[in-house]
Amino acid sequence: MELKDIRKGLSLSTHTKMDSAAEDAAESVCYPDEESKKATEKAMALLLHKDRTAWELKDRLFRAGFSEKASEFAFDYVSRYGYINDLRYATCYMDYHKTSKSRNEIRRKLKEKGITDDVLAEAFETYDVLDEGTVSAPGIMNGDIDMEAEDFESADPEMIALRALLRKRLKGREATDLTYEEKQKQMRYLAGKGYPIEKIRRVIG
């Protein structure tokens, strides 16, 4: 299921201020022409339906028949008031899909949505910092608490996603019950989904 509104991650107060500022500006904005006004209204309508990347919004405006000039005006307007932000989109997308997709698949999906390599790198760095805060306490990182490797695995979002996908494919069977050929088949499938081979081996056994 695709995330319909990644902006839900924003606080209510942030949304209220952003909506209020956009509405106030909309009343006094000076459109260069009628097409730019319609393009801006179209952009706002698209973003009210669901959050989008910059590339997705520009593509939708282009397919709607707006000129490059009108599309750029509309894009600048929604960017100015925070309605579109690729870094925010990518970070929230990662958080939403962390237990259902591999990191490589998440990266591939975001690139398909037009997220640049620079934004991806920053988003993964930002997400990893946030994720470490929820997965590992400082005492654990410093070695003050004894924690088994399997405990770290159980807290790894990618391992959670990998185990869930394998359970779905095995339909009630255990990985230990698979023949050598069946294990090889499952490993090829999971590798094709972007999961690291060392994690696949630990899950399949």
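Going by the structure above, here's the rest.
Please read all numbers here as calculations on a predicted model, not as lab measurements.

Procedures and definitions
- Residues numbered from 1 in each chain as written.
- Predicted model: local features only at pLDDT ≥ 70, side-chain atom pairs only at ≥ 80, totals over all residues.
- Heavy atoms only, no water.
- Phe/Tyr/Trp six-rings, centres within 6.5 Å; stacked < 30°, edge-to-face > 60°.
- Helix = DSSP H or I, 4+ residues; strand = E, 2+ residues; numbered from the N terminus.
- Buried < 20%, exposed > 50% of the residue type's maximum accessible area, 1.4 Å probe, protein only.
- Lys NZ or Arg CZ within 6 Å of the ring centre and 35° of its normal.
- Salt bridge = Lys/Arg side-chain N within 4 Å of Asp/Glu carboxyl O.
- Contact = heavy atoms within 4.5 Å.
- Axes fitted to C-alpha atoms, helices over the stretch in contact; angles between N-to-C directions.
- Parallel < 35°, antiparallel > 145°, perpendicular 65-115°, else oblique.
- Left-handed = near helix turned anticlockwise from the far one by under 90°.
- Nonpolar A, V, L, I, M, F, W, Y, C, P; charged D, E, K, R; others polar.

Engineer: Help me out: how do you make sense of the packing of aromatic side chains in this one?
Structural biologist: Each aromatic ring pair is summarised here by two numbers: the centre-to-centre distance and the angle between the ring planes. Under the defined criterion, the tally for this structure stands at three aromatic pairs. Ring geometry for tyrosine 31 and phenylalanine 73: centres 5.7 Å apart, planes at 55 degrees, overall tilted. With tyrosine 31 in the loop between α1 (12-28) and α2 (34-49) and phenylalanine 73 in helix α4 (residues 68-80), this residue pair connects regions lying 42 residues apart in the sequence. Since its relative accessible area comes to 24%, tyrosine 31 is described here as partly exposed. Residue placement shows lysine 58 over the ring face of phenylalanine 75; its charged tip is 4.4 Å from the ring centre. In this structure, arginine 169 packs its charged tip against the face of tyrosine 189, placed 3.6 Å from the ring centre.

Engineer: Is there a simple way to think about the pattern of salt bridges in this case?
Structural biologist: Note on pairing: side chains with opposite charge can pair once their charged atoms come close. Under the criterion given, the structure shown has eight salt bridges. Measuring nitrogen to oxygen at the nearest pair gives 4.0 Å for the salt bridge that ties glutamate 105 to lysine 101. Note on lysine 101: relative accessible area 17%, which makes it buried. For arginine 173, the salt bridge is made with glutamate 182, and the minimal N-O distance between the two is 3.2 Å. By relative accessible area, glutamate 182 is classed as partly exposed at 27%.

Engineer: Would you mind going over the environment of glycine 194 with me for this structure?
Structural biologist: Take glycine 194: it is sitting in the loop between α11 (180-192) and α12 (197-204). Spatially, the C-alpha atoms of glycine 194 and arginine 107 are 9.5 Å apart, while their sequence positions differ by 87 residues. Glycine 194 has contacts with Ser102 and Asn104, leaving out every residue within four places of it along the chain.

Engineer: What am I meant to see in the packing of helix α10 (residues 157-170) against α12 here?
Structural biologist: Packed helices, taken two at a time, are described by their axes: the angle between them and the distance between them. The geometry of α10 relative to α12 is characterised by a closest axis approach of 10 Å and an angle of 55 degrees between their N-to-C directions. The angle between the axes of α10 and α12 places the two elements in the oblique class. With respect to the hand of their crossing, α10 and α12 are arranged in right-handed fashion. Judged by residue contacts, Glu158, Met159, Leu162, Arg163 and Leu166 of α10 engage Lys199, Ile200, Arg202, Val203 and Ile204 from α12. Taken together, the residues of the contact of α10 with α12 sort by class into six nonpolar, no polar and four charged.

Engineer: Any chance you could explain unusual backbone geometry here in plain terms?
Structural biologist: Trans peptide bonds make up most of the peptide bonds, and negative phi angles are found at most residues other than glycine. The phi torsion at lysine 171 lies on the positive side, around 50 degrees, for a residue other than glycine. With respect to the element layout, lysine 171 can be found in the loop between α10 and α11. Using a relative accessible area of 75% as the deciding quantity, one classes lysine 171 as exposed.

Purely geometric numbers; function is a separate question.
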